[in-house]
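Structural characterization, general
Each chain, letter by letter, is given below.
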Amino acid sequence: MSKKQFGNIGKIGSKNLKIKPINIRVTPSNRISNAQLKKLDPKGIARIPAIRVNRDDLLNLRANESWEITAQKLRDKDMYVAEYFGWYRSDQTSIDVHPENKYYPRLDRGAPGFLPEMRYLVLRFRPEMGKRYRMTIHLKPGSYRNKKVMTNVTGRFNDIWYINYQFNEVMFDFLASSNEIKISPIIAGYENYYVKYQPLQIEKITIDKVED
């Protein structure tokens, strides 16, 4: 079956679709400012500290409304996958988020080469602003120790999370202040002049509106 490069997933078609570039910013909780981030080289970006959360505490939050996205269900109520960089087949079992390899004529001491650049999966929905939500990104079983994922749920800042390799998941909570949620590929370290990314293979994404 043929593969299709993804742009706006809300309108699935056979032709290539453009991906909007997304600026990288980080929260104060990552102990680095946006101004500092702009000065970092790829090695510095790969070394940004990641946040850990108490999974049991988040699981104990009581949900009163939920949404679920899978490779076979890209829309649930008012939530849908708006775009991501990758390929889609109707029979695939995961949503695979990839970086984009961009060609540069003068990359390494004047020599040409490709540099992987961050691209996000973008979810859109209509949250109740100021209300608390719990997000769980369930991943395909794999080797995730010391690997990270970058998310943006406010439209202003990014957070970097360690993947919980015991449960193959990323889990966190947030107060809604935007109608977009962005999820990066796996940040797996660095090599030579670039950040090492790996495809993030998502089995499903669950978002719960929870009681404080």
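One can find the structure itself at the top, above this paragraph.
These figures come from a predicted structure and were not determined experimentally.

1. Comments concerning the packing of aromatic side chains
As enumerated under the stated definition, the model contains seven aromatic pairs in all. Their ring planes at 75° and their centres at 5.4 Å tell us that Trp-67 and Phe-125 sit as a pair that is edge-to-face. Taken together, the residues Trp-67 in strand β2 (residues 63–70) and Phe-125 in the loop between β9 (121–124) and β10 (132–139) connect sequence positions 58 residues apart. The class for Trp-67 is buried, based on a relative accessible area of 3%. With a relative accessible area of 3%, Phe-125 lands in the buried category. Ring geometry for Phe-172 versus Phe-174: centroids 6.2 Å apart, planes at 45°, classification tilted. A relative accessible area of 1% places Phe-172 in the buried class. Counting every residue linked through ring pairs, the aromatic cluster contains Trp-67, Phe-125, Tyr-133, Trp-161, Phe-172 and Phe-174. It is Arg-55 that lies over the ring of Phe-167; its NZ or CZ is 3.6 Å from the centre.

2. Regarding the nonpolar core
With 34 residues, the main nonpolar core has Ile-95, Leu-121, Leu-123, Met-135, Ile-202, Ile-205 and Ile-207 as its most contacted residues. Among the secondary structure elements, those contributing two or more residues to this core are β2, β4 (79–83), β6 (95–97), β9, β10, β13 (169–175), β14 (180–191) and β16 (200–210). When neighbours within four sequence positions are excluded, Leu-121 is seen to be in contact with Val-81, Glu-83, Tyr-84, Ile-95, Val-97, Ile-181, Lys-182, Ile-183, Ile-202 and Ile-205. Counting residues in each nonpolar core, the second largest holds 11 residues, with Ala-82, Tyr-120, Ile-160 and Val-195 among its members.

What counts and how
- Residues numbered from 1 in each chain as written.
- Predicted model: local features only at pLDDT ≥ 70, side-chain atom pairs only at ≥ 80, totals over all residues.
- Heavy atoms only, no water.
- Phe/Tyr/Trp six-rings, centres within 6.5 Å; stacked < 30°, edge-to-face > 60°.
- Helix = DSSP H or I, 4+ residues; strand = E, 2+ residues; numbered from the N terminus.
- Buried < 20%, exposed > 50% of the residue type's maximum accessible area, 1.4 Å probe, protein only.
- Lys NZ or Arg CZ within 6 Å of the ring centre and 35° of its normal.
- Core = buried A, V, L, I, M, F, W, Y, C linked by side-chain atoms within 4.5 Å.
- Contact = heavy atoms within 4.5 Å.

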